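Listed here are the chains, written in short residue letters.
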Amino acid sequence: MGVIKKQGIQNTLVIYTGIAIGFFSLLFIQPRLLSTKELGLVRVLLSFSSLLAAVLPMGSPNINVKYLPKFFNPEKKHHGFFGLMMIFPIVGIIIGCLLLYLTKNWIIGFYEEKSPLFTHYFFLVVPLAIYITLIYTLNSYCNAIFKTVIPSFLNDILNRVLLIGLILLYFFNYLDLDGFLNGFVTIYALQALILFIYILIIGRPGFIPDVTYLKSNVGFRFILRYGIIVSFTSISSVSLKFLDSIFLAKHNLESVGVYAIAAFIALIIETPLNSLERIANSKISHHLAEENHDEIKKIYFTSSRYLMLLGGILMVLVVTNIHDLLQLLPDAYRDGEMVTIIISVGAFVNMATGINYPILMNSSKYIWGSIFLLVLLITAITCNYLLIDVMDLGILGAAIATSFSSAFYNLLKFFFIWKHFKMQPFDRKSILIFFILAICLLIGLAIPSFGPSVVTIMVRGAISASIFILLTYSLKIVPEFDSLIPFFKKHRLNN
């Protein structure tokens, strides 16, 4: 747990710094310097590219985490595992680009009437998808060798700072729309290049696979089978983040822009989970390789409790302050209030169930993880189609579809791990956590808006957070409070 705690803290600091930058961009840059249509265009280009990039790696991100522990040997450059791993995205990019070329006209046909601006720039999907594919693959390699902080910095800080700079150049007419969008793609190209150089310097990669070692320890056939299975289901895990925007774009780009801002606010709740999974994923893979199930149970149980606490208070702060927060944005974005609330609930369920995905996908039962991801994809497509296209609920329908699909998928993983691995992360203190969060939520909702929105948010947030800390400490939910906060430690000793 030492490595997990250290890099988890570092990742959390990096990610929350990125969140602060993202919030600045969200509140003061993007809504004011970009129109809802331009913001929607960027979001849809990113959504299409990210969905494509979920398949193009041919499972290489998951292959890194699952199989690198079996090759792990820095002195021997991990037996050339890096070179073996890079074969998968290269082949996937070639096949994927060919398929996209053959289906391009069919895809464009869905959007040319309501979103012609997107179809005009559809050609940018290919290079953007390639760069995101490389980022996914290289990030996972860094995670597998426990080098997670720099990739986090590139993704959560550098990427957002460069985007702000790009938007400013566009707003002050140093760039036209073509230049702005090409610059947006270039940001991802730069991120992939820096990651590759970083791995060359730090990761000690081997480019020539040790065929003898491969045959005697794993076998290429098993890696290939795993990669193919995961490559077809990876799109399911990514789909939840981007399918809603793709469906909304069939109606207009403006709604995508509003939805993107509202959903971004809610998804901040999942930040601690994303931080923890980046390092815990590889750690769990190593423990499974060593058949150290006790340590896996410890990680699962501890992660769920802390993620439930962090995700819960973030959900309370978001839900109770969303009305005043949206008052800081242009009027067009105020329709996103219920969107944020609904997605916040789904994000909290994801947090509360802990790091179940790494446990399932790195185990011998990974095929069930793929099946559940397929169920997620079908559920998300069905819900988005019914709620957006059939019932015409717009951004509200997209939020319901996203939240329901996320909760259903996490419950499937939770019950499967409980049944087959005899692990479940909840106990009596989990009920107390729900009790604490319910009290904080009710108190936060009871505090009316007054004065400037910023003042209301600060006062309401401070009151809710103070009550949360007091109750968490009083009910002894977190034993580490005594060591983390000197005042509490002294108080305990005196009593």
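Quick caveat, the model's predicted, so the values are computed rather than measured.

The rules behind these values
- Residues numbered from 1 in each chain as written.
- Predicted model: local features only at pLDDT ≥ 70, side-chain atom pairs only at ≥ 80, totals over all residues.
- Heavy atoms only, no water.
- Helix = DSSP H or I, 4+ residues; strand = E, 2+ residues; numbered from the N terminus.
- Rg over C-alpha atoms; globule rule 2.2 N^0.38 Å.
- Buried < 20%, exposed > 50% of the residue type's maximum accessible area, 1.4 Å probe, protein only.
- Contact = heavy atoms within 4.5 Å.
- Areas by Shrake-Rupley, 256 points an atom, 1.4 Å probe, with all protein chains shown as cover.
- Lys, Arg positive; Asp, Glu negative; His and termini not counted.
- Charge placed at Lys NZ, Arg CZ, Asp CG, Glu CD.
- Phe/Tyr/Trp six-rings, centres within 6.5 Å; stacked < 30°, edge-to-face > 60°.
- Expected span 1.5 Å × (residues − 1).
- Axes fitted to C-alpha atoms, helices over the stretch in contact; angles between N-to-C directions.
- Parallel < 35°, antiparallel > 145°, perpendicular 65-115°, else oblique.
- Left-handed = near helix turned anticlockwise from the far one by under 90°.
- Nonpolar A, V, L, I, M, F, W, Y, C, P; charged D, E, K, R; others polar.
- Core = buried A, V, L, I, M, F, W, Y, C linked by side-chain atoms within 4.5 Å.
- Salt bridge = Lys/Arg side-chain N within 4 Å of Asp/Glu carboxyl O.
- pLDDT = per-residue confidence, 0-100.

Examining the overall build of the protein
What the protein contains, in helices and strands, is 21 helices and zero strands. Its C-alpha atoms give the protein a radius of gyration of 23 Å, near enough to 23 Å, the size a compact globule of 495 residues would have. Reported as C-alpha extents along the three principal axes, the dimensions of the protein are approximately 65 × 60 × 40 Å. Burial analysis of the protein (495 residues in total) assigns 56% to the buried set. For the protein, contacts bridging at least 24 residues in sequence account for 84% of all contacts bridging at least 6. Here the protein displays about 21,700 Å² of accessible surface, and carbon together with sulfur accounts for 69% of that area. Positive and negative side-chain charges of the protein, numbering 36 and 25 respectively, have mean locations separated by a distance of 12 Å.

Some thoughts on the packing of aromatic side chains
Enumeration according to the criterion identifies 25 aromatic pairs in this entry. Consider the rings of Tyr121 and Phe123, whose centres lie 6.4 Å apart with planes at 35 degrees: the pair is tilted. Residue classification places Tyr121 among the buried positions, given a relative accessible area of 6%. Taking relative accessible area as the criterion, Phe123 reaches 52% and is therefore assigned exposed. With a centroid separation of 5.0 Å and an interplanar angle of 70 degrees, the aromatic rings of Phe414 and Phe415 are classed as edge-to-face. For Phe414, a relative accessible area of 7% puts it in the buried group. An aromatic cluster is built from Phe48, Tyr111, Phe118 and Phe122, whose rings are joined through pairwise contacts.

What about helix H2 (residues 36-55)?
In this model, H2 (20 residues) spans 29 Å end to end at C-alpha, consistent with the 28 Å of a helix rising 1.5 Å per residue. Judged by how many residues are buried, H2 sits mostly within the fold: 17 of 20 residues are covered.

Digging into helix H14 (residues 337-352)
With 16 residues, H14 should reach 22 Å at 1.5 Å per residue; the first-to-last C-alpha distance of 23 Å fits that figure. Those residues of H14 that sit buried are Val339, Thr340, Ile342, Ile343, Ser344, Gly346, Ala347, Phe348, Asn350, Met351 and Ala352. Of the residues trailing H14, Gly354 is marked for its positive phi of about 75 degrees.

Quick word on the packing of helix H18 (residues 428-446) against helix H19 (residues 453-474)
At a minimum axis separation of 9 Å, H18 and H19 run at an interaxial angle of 160 degrees. Between H18 and H19, the angle is such that the two are roughly antiparallel. The interaxial crossing formed by H18 with H19 has right-handed handedness. Residues Ile436, Leu437, Ile439, Cys440, Ile443 and Gly444 of H18 touch H19, and the partners they reach there are Arg460, Ile463, Ser464, Ile467, Phe468, Leu471 and Thr472. Here the contact of H18 with H19 is composed, by residue class, of nine nonpolar, three polar and one charged.

Regarding the nonpolar core
Soluble, globular proteins show a tendency: their nonpolar side chains are buried together. Ranked by internal contacts, the top residues of the largest apolar core, which has 153 residues, are Phe48, Phe81, Phe118, Phe180, Leu181, Ile223 and Tyr259. Counting residues per element, this core draws most heavily on helix H13 (residues 293-326), at 15 residues. The residues contacting Phe180, other than those within four sequence positions of it, are Leu34, Val42, Leu166, Ile167, Tyr170 and Leu175.

A word on the pattern of salt bridges
What the rule picks out here adds up to five salt bridges. Here Arg305 and Asp427 are joined by a salt bridge, their closest N and O atoms 2.6 Å apart. Note that Arg305 is positioned in helix H13 and Asp427 in the loop between helix H17 (394-421) and H18, a separation of 122 residues in sequence. Judged by its relative accessible area of 29%, Asp427 is partly exposed. A salt bridge links Arg460 to Asp324, with the nearest nitrogen and oxygen atoms 3.1 Å apart. Of the two residues, Arg460 is situated in helix H19 and Asp324 in helix H13; the sequence distance between them amounts to 136 residues. The exposure class of Arg460 is buried, given its relative accessible area of 2%.

What about the side chain of Ser464?
Note that Ser464 resides in helix H19. With relative accessibility at 0%, the residue Ser464 sits in the buried group. Sequence-distant contacts of Ser464, that is, excluding residues within four places in its chain, are made with Ile313, Val316, Leu317, Cys440 and Gly444.

A short note on the confidence of the model for the protein
Per-residue confidence for the protein gives a mean pLDDT of 86, with 92% of residues at or over 70. Counting contacts from residues 484-493, a segment whose pLDDT is below 50, to residues more than four positions away or on other chains yields nine contacts.

Topic: the packing of helix H11 (residues 253-267) against H17
When two helices pack together, their arrangement is given by the angle between the helix axes and by the axis-to-axis distance. Closest axis-to-axis distance for the H11/H17 pair is 10 Å, and the angle between their directions is 50 degrees. Comparing their axes, H17 and H11 come out oblique. Handedness of the crossing formed by H11 with H17: right-handed. Here Ser255, Val258 and Tyr259 of H11 lie close against H17, whose contacting residues are Ile395, Ala398, Ala399 and Thr402. Here the residues of the contact of H11 with H17 sort into five nonpolar, two polar and no charged.

Quick notes on the environment of Leu193
Following the sequence through the fold, Leu193 ends up in helix H8 (residues 177-203). Exposure remark for Leu193: the relative accessible area of 48% places this residue in the partly exposed category. For the pair Leu193 and Leu134, spaced 59 residues apart in sequence, the C-alpha to C-alpha distance is 9.0 Å.

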